[in-house]
Amino acid sequence: MWAAVWIAWTAAFAVAEGIALANRRDEDTLSENVRRLFRTRTSRAGRAIFAVAWFGFSGWFAIHILMETM
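Here we summarise the structure given alongside this text. Because the structure is predicted, anything quoted here is derived from the model rather than measured.

1. Thoughts on the overall build of the protein
Line of reasoning, step 1. When you go through the protein residue by residue, the secondary structure sums to 3 helices and 0 strands.
Line of reasoning, step 2. The secondary structure elements of the protein, listed N-terminal to C-terminal, are α-α-α.
Line of reasoning, step 3. Taking 11 Å as the expected radius of gyration for a compact globule of 70 residues, we find that the protein reaches 16 Å, considerably beyond that expectation.
Line of reasoning, step 4. Each principal axis of the C-alpha atoms in the protein carries an extent, and together these give about 40 × 30 × 15 Å.
Line of reasoning, step 5. Per-residue burial for the protein yields a buried fraction of 7% across its 70 residues.
Line of reasoning, step 6. Working note: accessible area of the protein is about 6300 Å², and carbon and sulfur atoms make up 69% of it.
Line of reasoning, step 7. The averaged location of the 6 negative side-chain charges in the protein is 9 Å from the averaged location of its 8 positive side-chain charges.

Here's what the structure looks like:
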């Protein structure tokens, strides 16, 4: 059951992102919204916070997958 939920979630995201990329409007893709949320274009603090969050999550996720731990 959970595999179907993750597949559906991934497919819904892919459709939404595909539509956002195809229409070429501003501020509708995931990347544009993340940049706006963290203010990466205008704030050094926002850039730093995003970098720490991204690398922290990436490191945790790699360990989680490879070592099969929480």
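2. A few points about helix H3 (residues 44-67)
Line of reasoning, step 1. Compared with an ideal rise of 1.5 Å per residue, which puts 24 residues at 34 Å, H3 spans 34 Å between its outermost C-alpha atoms and is within 8% of the ideal.
Line of reasoning, step 2. Taking the backbone nitrogen of Ala45 as reference, a side-chain oxygen 3.3 Å away marks Ser43 as the first, capping residue of H3.
Line of reasoning, step 3. In the segment just after H3, Glu68 is the residue with positive phi, at about 55°.

3. What to know about a nonpolar patch on the surface
Line of reasoning, step 1. A cluster of nonpolar side chains, Met1, Trp2, Val5, Trp6, Trp9, Phe13 and Leu30, forms an exposed patch at the surface whose accessible area comes to about 880 Å².
Line of reasoning, step 2. Per-element accounting of the nonpolar patch gives the leading share, 5 residues, to helix H1 (residues 2-23).

About the criteria used
Residues numbered from 1 in each chain as written. Predicted model: local features only at pLDDT ≥ 70, side-chain atom pairs only at ≥ 80, totals over all residues. Heavy atoms only, no water. Helix = DSSP H or I, 4+ residues; strand = E, 2+ residues; numbered from the N terminus. Rg over C-alpha atoms; globule rule 2.2 N^0.38 Å. Buried < 20%, exposed > 50% of the residue type's maximum accessible area, 1.4 Å probe, protein only. Areas by Shrake-Rupley, 256 points an atom, 1.4 Å probe, with all protein chains shown as cover. Lys, Arg positive; Asp, Glu negative; His and termini not counted. Charge placed at Lys NZ, Arg CZ, Asp CG, Glu CD. Expected span 1.5 Å × (residues − 1). Polar contact = N/O pair within 3.5 Å; in protein donor to acceptor, adjacent residues only side chain to side chain. Patch = residues over 30% accessible without salt bridge, like charges linked within 9 Å, V, L, I, M, F, W, Y side chains within 5 Å. Salt bridge = Lys/Arg side-chain N within 4 Å of Asp/Glu carboxyl O.

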